[in-house]
Structure formats: structure tokens, C-alpha cells
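# Coordinate inspection notes
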Amino acid sequence: MEAAKLNQLKHFVDQCKSNPSLLSDPSLSFFRDYLESLGANLPASAYKHGDSKSRAVDESDEDIEDVEDEDSHSTKPAEDQGYESDEIVESDIELEGDVVEPDNDPLQKMGDSSIEVTDESRDASQTAKGQAMEALSEGKLDEAIEHLTEAIMLNPTSAIMYATRATVFIKMKKPNAAIRDANAALEINPDSAKGYKSRGMAKAMLGQWEEAAKDLHVASKIDFDEEIQAVLKKVEPNAHKIEEHRRKYDRLHKEKEERKIERERQRRRAEAQAAYEKAKKQEQSSSSRMPGGMPGGFPGGFPGGMPGGFPGGMPGGMPGGFPGGMPGGMPGGFPGSAPGGMPGNIDMSKILNDPELMAAFKDPEVMAALQDVMKNPANIAKHQANPRVAPIIAKMMSKFAGPK
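Quick caveat, the model's predicted, so the values are computed rather than measured.

Taken together, Glu134, Asp142, Glu143 and Glu146 make up a surface patch of like negative charges. A per-element tally of the negative patch places helix α5 (residues 141-154) first, with 3 residues. Structurally, Glu146 is set in helix α5. For Glu146, a relative accessible area of 56% translates into the label exposed.

Here it is as C-alpha cells:
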């Protein structure tokens, strides 16, 4: 590709970077589609108002996906869960000042900065500039543009030529063309006050208030003039309103994210609490099915006592039985104990204060053996060989034994 065309392409890309609204031109839709095919994320200004690809103002795509995800995992609507709606709808900003429609004219001719500029070319460029100023004083703006374009082609290394043509484009209400020339001037001379001033005024015409204020402040620092201050008085109030608006909704979005995190924390805590309560109920249910020791009597009692008693033991049974259990006594008693009955009531504290017996009463195997013996005293023989049961039976018999 020719160097001049490459230079023009480079200038065009630079203009798109500084003013993405250029891409809203329908004639450049092919270039916009090409950028998107490469994965580029273009700003809203790159689309015409109402374009299906432009962003909605009330929520970003990511926020919408977050809301959909929350809805898909929730079994109740947000109102039932006690949460307020998280939708954030941005209000309009009341701004002052007139703006113009973006100009989408064909790109103006730009000089080739790679060529060598001779003294003759510089002189001819100055002559063309003088003719442009004369036409400008007569209000012939199109003629002034033609002369300035000639001056630029003769001396493409002059920042002042580009900045001067930019001021004429502003008078013609062609802000995009002015921004392209201002960028070219600033590329040649980063300290060009006229370049910053022209670009700031052009961006103000497009309603790009914050960027306009920034450029105009830089221009004022380099070379103060009253025209810059006059424009700033119109631009700065809008820029401040936009900044306050952004801060407000940045805060609202941050609070929304914090509420989302807090809801997730509460949900996890509720799930953990529910799991704990479920495990606790299961443990209580399991414990209620196991024998719980001696206090208050044997669990469930032994209504009717132990019919038949234990052979040779405590004839007459135990008056009153165990407290809370074995009502009716143990007729027949334990084998080998106090024939003729036990005078008075047995001292239950001897049993309740015996840690070995209390621990044994919690053993399902021991309790099953004791119940088996109580149902049929003759079954005591089959438990004598059980090392866990036999010592407990022997110890209980010793508690019931009368005085020797």
C-alpha cells in the first residue's frame, strides 16, 4: 500500500480512538462489523441511537445475567424472600447547552508526514495559508478549507496548519473533522494549545462534556485566552453533573453487589443451620430408642413385675418395686438372695451411685439380657458365659442380697 494511503489510514484509526462516534456512520458499518468479528467491544457512541447492539442504560448485560441466575436458583420471588428489587434504573441528567449532529462527511485530505519538506514548499504553504485567512475574513469557509488543505499538503509537518483548519471546521459545525485535524496537530506538537483548544471546542459541540473540559483546561494552561474561559463556563457545569451522576450510580451498583454478597452469606448460614437442626433431630430420635439408664426406673418399666421371680430368691418380691419401674415388685426375687423376702425397701442409691451399673444400663446388649432374664429367670444360665452381662447380673444380685 502506498505510504500516503497508509498515513491516511493511520490518521483515520487515531480519529476513531479519540472519537468512536465516527463509527456510527452507516457507510462505515462494514468496518464496525470487521472490528466486532475480531472480538472488539465498541462503546455505545459507535452505534446510532436505537441500534440493537447499543447498551441499555438501566443494566449492563452482566448484571442482567446475574439477575437471571438468581431467579433460576430461587424457589420464591424476591418479594417473598424479603429483599427489595435490585434493578437500578439510571435517571436522565439535565444538561445545558446545544449540541450538533455528528458530521459524517468523507475524510478530509491529510498530508504525508514522511515526505521531505523543502524551503520552497514551506513558503508556498504560508502563501496558501494567507489566502485561507483572507477567504475566512470574507466568510468564505469552503474556500478557506481548500487553501488550508493545500497548505497542509505542501507542509504536512506543520501543527499550526492542521490546528487552523480545525478552527474553520468548528465554524462550519463539523466537529468530527475538527477533531481529526486537532489530533494531527497534537501528534506533531503535543504542546499545541490551539490543538487542545480546537479539540475541546469540537467535543463540546458533540456533547462530550468531560473530555471537552479536560482539553480546554490543558489549552488554558499552555496559552490562556478569554475564548477558552467562555467555553469552559458552559462546559464545566455539565461535566460536573455527569461526574456526580457517575459517582452516584457507581455507589448504587457497589451497594447492590454488597447486598448480593450478604444474601449469599445468609443463604449459606440458613443451609448450615438447617443441616445442623436435621442432624440434631436425628441424634435425638436415635437416643430416644436406646435405654437411658436407671434414674426413674428401667425405661418403660416392667409392668407387672417379674412373674415367677428368680428361683430361690426374695420370696414375696420387692414391695413397691423400682421407682418409676417394675411396679408390682419382683415376686420370687433374684436367685440366691435373701429367702423370705427383703425387710424394708432396698437402698436405690447403691445402684444409682454405682458408675459401672449406670454405664451398663446404657448398653443395649446388657439391657436385652436383663429383660430376657426377667421374662424367664431360667434364661440366666445362657448369659453366664457372656463377659459383658454376667458381671452385671452378679453385681445386681449382690446389691439385693440380705445381711449375711
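Moving on, we come to unusual backbone geometry. The backbone phi angle of Lys173 is positive, close to 60°, even though this residue is not glycine. Note on placement: Lys173 falls in the loop between α6 (159-171) and α7 (175-188).

Once that is clear, we can look at the UniProt feature "repeat: TPR" (unreviewed entry) in the chain. The feature "repeat: TPR" (unreviewed entry), as given by UniProt, occupies residues 125-158 and 159-192 in the numbering adopted here. For residues 125-158, helix accounts for 79% and strand for 0%, while the C-alpha atoms at its two ends are 9 Å apart.

On to the pattern of salt bridges, then. Opposite charge on two side chains permits pairing when their charged atoms draw close. Inspection of every chain in the model, using the stated rule, returns 20 salt bridges. With a closest N to O distance of 3.3 Å, Glu255 and Arg251 form a salt bridge. You can see Glu255 and its partner Arg251 sitting in helix α10 (residues 226-288), 4 residues apart, about one turn around the helix. The exposure class of Glu255 is partly exposed, given its relative accessible area of 29%. Through salt bridges with shared partners, one network takes in Arg199, Lys203, Glu211 and Asp215.

With that settled, consider the side chain of Arg165. Position of Arg165 among the secondary structure elements: in helix α6. The class of Arg165 is buried, set by a relative accessible area of 0%. Look past the residues within four positions of Arg165 in its chain and what remains in contact with it is Gln108, Lys109, Met110, Ile145, Leu148, Thr149, Ile152 and Asp181.

Okay, the environment of Asn19 next. Residue position: Asn19 is located in the loop between α1 (3-18) and α2 (29-37). The buried category is assigned to Asn19, whose relative accessible area is 0%. For the pair Asn19 and Ile179, spaced 160 residues apart in sequence, the C-alpha separation works out to 7.8 Å. Each residue touching Asn19, except ones within four places of it in the same chain, is listed here: Asn176, Ile179, Leu206 and Gln208. In this structure the side chain of Asn19 is engaged in a polar contact, spanning 2.6 Å, whose partner is the side chain of Ser21.

Calculation notes
Residues numbered from 1 in each chain as written. Predicted model: local features only at pLDDT ≥ 70, side-chain atom pairs only at ≥ 80, totals over all residues. Heavy atoms only, no water. Patch = residues over 30% accessible without salt bridge, like charges linked within 9 Å, V, L, I, M, F, W, Y side chains within 5 Å. Areas by Shrake-Rupley, 256 points an atom, 1.4 Å probe, with all protein chains shown as cover. Salt bridge = Lys/Arg side-chain N within 4 Å of Asp/Glu carboxyl O. Lys, Arg positive; Asp, Glu negative; His and termini not counted. Charge placed at Lys NZ, Arg CZ, Asp CG, Glu CD. Helix = DSSP H or I, 4+ residues; strand = E, 2+ residues; numbered from the N terminus. Buried < 20%, exposed > 50% of the residue type's maximum accessible area, 1.4 Å probe, protein only. UniProt positions renumbered as here; feature names shortened; annotations may be inferred. Contact = heavy atoms within 4.5 Å. Polar contact = N/O pair within 3.5 Å; in protein donor to acceptor, adjacent residues only side chain to side chain.

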